[in-house]
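Here is what each chain is made of, one letter per residue.
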Amino acid sequence: MSSPAIERILRGPTGLGTSGLQLRPQAPMSEAARPAGRAPGVPTAETADTAVVETRLVETVALEAVVTEAAALGAAAPDVQKSSLPVPSLPVPSLPAALTAPRAAAAPSGGKPKLGDPIPGLYHHPVAEPDPVRVEELSLKLKAWAVDEIELYPPEWEKDFDGFSTGRYMVACHPDAPSTDHLMLAARLMVAENAVDDCYCEDLGGSPIGLGSRLLLAHTALDPLHTTPEYHPAWEASLSEDAPRRSYRSAMDYFVRAATPSQADRFRHDMARLHMGYLAEAAWAETDHVPEVWEYLAMRQFNNFRPCPTITDTVGGYELPAELHALPAMQRVIALAGNATTIVNDLYSYTKELASPGLHLNLPVVISEREGVSRKEGYLKAVEVHNELMHAFEAESAALALACPVPTLVRFLRGVAAWLDGNHYWHRTNTHRYSLPDFW
């Protein structure tokens, strides 16, 4: 595969775009010829030479070239659209021009960053400000759902609900969503997941004691109970007993109507992963166990943002076919994305969590405790861990896009990358919730 854009980019690093790519020239494979399992020619982070990865990251335009040539080769897989939402005919989206200019991680400063500044040294990609009209429309719809449909929170929680800025968050994370109705699919689920986290696990009445039972019953709002007629009414009634279950049930009902069966089952699986991560963290809290760093990272691979970027195709109004989602190379890319973006949360919420009672586990704290370094050294090393994961995500996304240049797959990879960028934007700019430590 060759094009002027790819040849130009492969001459050397011209900057780091939103979906930085590592391209290795090779013959494209047709969908029929590609065997199940890892796409051939897709390197892993373990085998890739770090220097090669870092010097061959390129701009988003490479993906556009891949899509163009894949279409010419007839490599496209059919899109299956069974959504109840009207979806206009859309091309593979072009990211805003602000995202394709050369980027670099912020250089460490000589003092504490100002409120709203990015973390010094954190590898990230700035995004354009979300469309304020779309943000306002989405925010109003979301609040009407939360207040009028499901009675999510009492009046005293309204300030925190508004301060979370879910509308701005979702518009930043899903730039290719065709409508606010599509964005509402993600926004409801985000609010529901936070209700479960806050009310069952965290600072709004949560506790590790009995968490497994609460999560299991809440999970049946996503993955319904199939039982006998005698016991079904009691289960059905239980779904309205508290705000987390009401929000899960309502958000999932909307999602199922818009998603294909495969997309809905994918989301249920990702939520089961999330709940398993919650339980591991709760078990450590009950026994005052500080995990090894690798153990903490294993927990965070499950207790992370994965359910959010993996619905990017549903929110975009298309479907990544199940056989492509299941590719080992795709699963690795998704895992790297979830891990990197969750460490962003560890870093930006660090000072907020320090203010909570007891020892709140996050990556900087675990590194400090287990490796015997200062809190500052633990924090700065966590920044490095994040950066390594981001580089691996971008390199392996690019290799997968080149090895399997199916437009829906490439669009999905770009959607996940855009979600990571929007997630960083939201953390950086949400000064209602977050501020940075004085480590610079």
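For the structure itself, consult the block above.
Residues numbered from 1 in each chain as written. Predicted model: local features only at pLDDT ≥ 70, side-chain atom pairs only at ≥ 80, totals over all residues. Heavy atoms only, no water.

Peer 1: Please clarify how the overall build of the protein should be interpreted in this entry.
Peer 2: Tallying secondary structure elements over the protein gives 20 helices and 2 strands in all. Within the protein, contacts between residues at least 6 apart in sequence are counted, and of these 80% link residues at least 24 apart. Element-wise, carbon and sulfur atoms account for 57% of the exposed surface of the protein, whose accessible area totals about 18200 Å². (Helix = DSSP H or I, 4+ residues; strand = E, 2+ residues; numbered from the N terminus. Contact = heavy atoms within 4.5 Å. Areas by Shrake-Rupley, 256 points an atom, 1.4 Å probe, with all protein chains shown as cover.)

Peer 1: I keep staring at the packing of helix α8 (residues 180-201) against helix α9 (residues 211-219) and nothing clicks. Help me out?
Peer 2: When two helices pack together, their arrangement is given by the angle between the helix axes and the distance between those axes. It is the contact of α8 with α9, at a shortest axis distance of 11 Å, that shows an interaxial angle of 155 degrees. Between α8 and α9, the angle is such that the two are roughly antiparallel. Considering how the two elements wind past one another, α8 and α9 form a crossing that is right-handed. From α8, Val 196, Tyr 200 and Cys 201 reach across to α9, where they touch Leu 211, Arg 214, Leu 215 and Ala 218. Tallied by class, the residues present in the contact of α8 with α9 amount to 6 nonpolar, no polar and 1 charged. (Axes fitted to C-alpha atoms, helices over the stretch in contact; angles between N-to-C directions. Parallel < 35°, antiparallel > 145°, perpendicular 65-115°, else oblique. Left-handed = near helix turned anticlockwise from the far one by under 90°. Nonpolar A, V, L, I, M, F, W, Y, C, P; charged D, E, K, R; others polar.)

Peer 1: Hey, could you run me through the packing of aromatic side chains in this one?
Peer 2: By convention here, two paired aromatic rings are described through the distance between centres and the angle between planes. Summed over all chains, the structure comprises 13 aromatic pairs. When the centroid spacing of 4.8 Å and the interplanar angle of 45 degrees are considered together, the rings of Phe 164 and Trp 426 count as tilted. Taken together, the residues Phe 164 in helix α6 (residues 158-164) and Trp 426 in helix α20 (residues 407-429) connect sequence positions 262 residues apart. No difference in accessibility class separates Phe 164 from Trp 426, as the two residues are buried. Taken together, the aromatic side chains of Phe 164, Tyr 169, Phe 305, Trp 419, Trp 426 and Tyr 434 make up a single cluster linked through ring pairs. Positioned above the aromatic ring of Tyr 200 is the side chain of Arg 214, whose terminal nitrogen or guanidinium carbon lies 5.7 Å from the ring centre. The positively charged end of Arg 257 is found above the aromatic ring belonging to Tyr 254, 4.8 Å away from the centroid. (Phe/Tyr/Trp six-rings, centres within 6.5 Å; stacked < 30°, edge-to-face > 60°. Buried < 20%, exposed > 50% of the residue type's maximum accessible area, 1.4 Å probe, protein only. Lys NZ or Arg CZ within 6 Å of the ring centre and 35° of its normal.)

Peer 1: Please explain unusual backbone geometry as it appears in this structure.
Peer 2: Negative phi values dominate among residues other than glycine, just as trans dominates among peptide bonds. Look at Ser 165: it is not a glycine, yet its phi comes out positive at around 55 degrees. For Ser 165, the location among the structural elements is in the loop between α6 and α7 (166-173). For Asp 288, which is not a glycine, the phi torsion comes out positive at approximately 55 degrees.

Peer 1: I'm lost on the nonpolar core in this one. Help?
Peer 2: Soluble globular proteins tend to bury their nonpolar side chains together. Counting residues in hydrophobic clusters, the biggest one holds 107 residues, and the most contacted among them are Ile 119, Leu 152, Tyr 169, Met 330, Tyr 379, Leu 400 and Leu 409. Examining the composition of this core, we find that 14 residues originate from one element, α8, more than from any other. (Core = buried A, V, L, I, M, F, W, Y, C linked by side-chain atoms within 4.5 Å.)

Peer 1: Even after reading the chapter, I still don't get helix α5 (residues 132-149), so can you show me in this structure?
Peer 2: Side chains three or four residues apart in an α-helix point the same way, a direct result of the helix having 3.6 residues per turn. Along its 18 residues, α5 runs 25 Å from first to last C-alpha, staying within 8% of the 26 Å computed at 1.5 Å per residue. Regarding α5, the residues found buried are Val 135, Leu 138, Leu 142, Trp 145 and Ala 146. An end-on view of α5 places all buried positions within 100 degrees of arc, on one side of the element. Along α5, exposed side chains directed more than 90 degrees from the buried face belong to Pro 132, Val 133, Leu 140 and Asp 148. At its buried positions, α5 is contacted by α6, α7, α8 and α11 (243-258). With a side-chain oxygen positioned 3.1 Å from the backbone nitrogen of Val 133, the residue opening α5 is Asp 131. Downstream of α5 by one or two residues, Glu 151 has phi in the positive range, about 50 degrees. (Expected span 1.5 Å × (residues − 1). Arc of directions from axis to C-beta. Polar contact = N/O pair within 3.5 Å; in protein donor to acceptor, adjacent residues only side chain to side chain.)

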